[in-house]
Amino acid sequence: MLLRADSISKVYERRGREFPALNQTDFSLEEGCLCVVQGRSGSGKTTLLNILSGILAPTSGSVFLDQADMYAMNDSELSRLRGENFGIIPQGESAVSALTVLENVLLPASVFTKEDAFIERAQDLLDRMRIGKLSSVLPRELSGGEMRRMAIARALIRDPKVVFADEPTSDLDDANTREVFGILKETARSGKAVLVVSHEKCVPEYADIVYRMEGGSLNRCV
Ligand SMILES: Nc1ncnc2c1ncn2[C@@H]1O[C@H](COP(=O)(O)OP(=O)(O)OP(=O)(O)O)[C@@H](O)[C@H]1O
Ligand SMILES: [Mg+2]
């Protein structure tokens, strides 16, 4: 199994009071699989995604990528593991407004590596996302759908093993939603593990596995 979580949970502390957001949960994800997590607002979907993607330490439990215990690592080891293995499309707006589309896509590649080596790949990805001609414009000059496709290109720039997408189609119309899901499905078929948080009606047509999050508990539906 590529990604595995054993008995993870999360209790947030808010104004001195504890708030359990994720109950003890086991989870696994393999290469080639498009997995979707659905559920109401506040049910714990982003919390789960952030723990699995190495952004948020769980209160208890462990997460393994291949055999590596992610939260047993120090910060720099974990951020290296994230950069090399994970492509992340966060919830909401995530473009850096002062950078061009191409520079945004190159951003994850500029942290540990010489980004020049990635320029051709970035341009190829933008072409694949049908925004190749827009590489030198600023994000504010893009439509919502184009912006989401730019975020996908950015997530794929370092050829990650796992792609995490938190509501990647939340503000898109049906045609753009289907296009984004089509790209995510293709990404899974190319051998990556893809985990998506989404409420869209079309999810069952694309997903291999569907879970529902309810009050911090994850239940498999498909
Ligand atoms: N940093 C935090 N500190 C305290 N409580 C938090 C924090 N982040 C989230 N929560 C709470 O934990 C619960 C789960 O939040 P989470 O963001 O995981 O929900 P979600 O299912 O992604 O919701 P949405 O669909 O609205 O994005 C919510 O009740 C939220 O208020
Ligand atoms: Mg969320």
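Residues numbered from 1 in each chain as written. Chains lettered and ligands numbered in written order. Predicted model: local features only at pLDDT ≥ 70, side-chain atom pairs only at ≥ 80, totals over all residues. Heavy atoms only, no water.

**Student:** When you look at the site of ligand 1 in this model, what are you seeing that I'm missing?
**Tutor:** Around ligand 1, a shell composed of 14 residues is seen, among which Ser41, Gly42, Lys45, Thr46 and Thr47 lie nearest. Burial of ligand 1 by the protein amounts to 70% of the accessible area it has alone, namely 640 Å². Of all the secondary-structure elements, those providing two or more residues to the shell around ligand 1 are β1 (3–14), β2 (17–29) and α1 (45–52). The element that contributes the greatest number of residues to the shell around ligand 1 is α1, accounting for three residues. (Near = heavy atom within 4 Å. Areas by Shrake-Rupley, 256 points an atom, 1.4 Å probe, with all protein chains shown as cover. Helix = DSSP H or I, 4+ residues; strand = E, 2+ residues; numbered from the N terminus.)

**Student:** Even after reading the chapter, I still don't get the packing of aromatic side chains, so can you show me in this structure?
**Tutor:** Given two aromatic rings, one states the distance between the centres and the angle between the planes to describe the pair. This model, assessed by the stated rule, comprises three aromatic pairs. Pairing Phe86 with Phe164 gives two aromatic rings, centres 5.1 Å apart and planes at 85°, and the pair type is edge-to-face. In this pair, Phe86 is assigned in strand β6 (residues 86–89) and Phe164 in strand β7 (residues 162–166), connecting sequence segments 78 residues apart. For the pair Phe86 and Phe164, one class covers both residues: buried. Measuring from centroid to centroid gives 5.6 Å for Phe181 and Tyr206, while their planes differ by 35°, and the two rings are tilted. With a gap of 25 residues between them, Phe181 in helix α6 (residues 174–189) and Tyr206 in helix α7 (residues 203–206) connect regions that are remote in the sequence. The exposure class assigned to Tyr206 is buried, which follows from its relative accessible area of 14%. Above the face of the Phe19 ring, Arg14 is positioned so that its terminal group lies 4.9 Å from the ring centre. (Phe/Tyr/Trp six-rings, centres within 6.5 Å; stacked < 30°, edge-to-face > 60°. Buried < 20%, exposed > 50% of the residue type's maximum accessible area, 1.4 Å probe, protein only. Lys NZ or Arg CZ within 6 Å of the ring centre and 35° of its normal.)

**Student:** Please clarify how the coordination of the magnesium ion (ligand 2) should be interpreted in this entry.
**Tutor:** Note on metal sites: the ideal angle is 109.5 degrees for four tetrahedral donors, and 90 or 180 degrees for six octahedral donors. With distances of 2.0 to 2.4 Å, the protein atoms coordinating the magnesium ion (ligand 2) are Thr46 (OG1) and Gln91 (OE1). Here the residue Thr46 occupies a position in helix α1, and Gln91 occupies one in the loop between β6 and α3 (101–106), the gap between them amounting to 45 residues. Look at Thr46 and you get partly exposed, because its relative accessible area is 26%. With a relative accessible area of 43%, Gln91 lands in the partly exposed category. (Donors = N, O, S within 2.8 Å, 3.2 Å for Na, K, Ca; no water.)

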